[in-house]
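Given next are the chains, with one letter for each unit.
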Amino acid sequence: MIDDAGGWQHDTLTEDSDLSYRAQLKGWKFVYLPSIECPSELPVETYGFQVQQSRWAKGLTQVAMKLLPKILKSDLPWRSKLKLFSSNSQYFYPLMIVVSA
């Protein structure tokens with residue numbers, strides 16, 4: 001799947017999101033398995049949390065700028081495009097303001 005989707009690319013801060021969107025554009029399907037656990041760590045201090053959130057926002061914005069044109073031009077059903085668009089553009093602040101209003 002990784003090779004089919006174009007390989008691991010390091011041009012965004014959220015390489016995993018980039019890869020998963022590219023794989024979906026190639027037709028790969030994903031299944032959420034709640035029984036599989038993945039340990040993670042939360043930042044101990046507020047500053048660490050702010051830095052983490054900032055990196056995620058920057059990375060997902062990079063992925064959106066890289067892939068949204070491909071997503072919108074793809075042959076995916078409109079529902080899939082809408083889902084990919086909304087999950088990938090959550091940090092576009094002007095869009096956040098419009099959606100919130």
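See the structure above.
So, how was this worked out
Residues numbered from 1 in each chain as written. Predicted model: local features only at pLDDT ≥ 70, side-chain atom pairs only at ≥ 80, totals over all residues. Heavy atoms only, no water. 1 Å grid on protein atoms, 1.4 Å probe; cavity = no way out; pocket = protein on both sides within 12 Å on 5 of 7 lines; lining within 4 Å. Points joined across faces, edges and corners; volume = space filled by probe spheres on them. Nonpolar A, V, L, I, M, F, W, Y, C, P; charged D, E, K, R; others polar. Buried < 20%, exposed > 50% of the residue type's maximum accessible area, 1.4 Å probe, protein only. Helix = DSSP H or I, 4+ residues; strand = E, 2+ residues; numbered from the N terminus. Arc of directions from axis to C-beta. Contact = heavy atoms within 4.5 Å. Salt bridge = Lys/Arg side-chain N within 4 Å of Asp/Glu carboxyl O.

**Q** So what's going on with the layout of surface pockets? Residues and values would help.
**A** Where empty space is left in the structure can be found by rolling a water-sized probe over the atoms. Considered as a void within the structure, the largest pocket measures approximately 270 Å³ in volume. Lining the largest pocket we find Gln24, Gly27, Trp28, Lys29, Phe30, Leu76, Pro77, Ser80, Lys83 and Leu84. Taken together, the residues of the lining of the largest pocket sort by class into five nonpolar, three polar and two charged. Here the second largest pocket is characterised by a volume of approximately 190 Å³. What lines the second largest pocket is Tyr32, Leu33, Pro34, Ile36, Glu37 and Cys38.

**Q** Talk me through helix α3 (residues 78-88); I want residue IDs and the actual numbers.
**A** Within α3, burial applies to Lys81, Leu84 and Asn88. Projected onto a plane normal to the axis of α3, the buried residues spread over an arc of 70° and lie on a single side. Summarising the geometry of α3, the exposed residues directed more than 90 degrees from the buried face are Trp78, Arg79 and Lys83. Against α1 (15-25) and α2 (46-73) lie the buried residues of α3.

**Q** With reference to specific residues and values, describe the pattern of salt bridges.
**A** As enumerated under the stated definition, the model contains three salt bridges in all. For Asp18, the salt bridge goes to Arg22, with nearest N and O atoms at 3.1 Å. Separated by four residues within a single helix, Asp18 and Arg22 lie in helix α1, roughly one turn from each other. Among the residues examined, Asp18 registers a relative accessible area of 0% and is labelled buried. The salt bridge partner of Lys66 is Asp18, with a shortest N-O separation of 2.8 Å. Of this pair, Lys66 sits in helix α2 while Asp18 sits in helix α1, and the two are 48 residues apart along the sequence.

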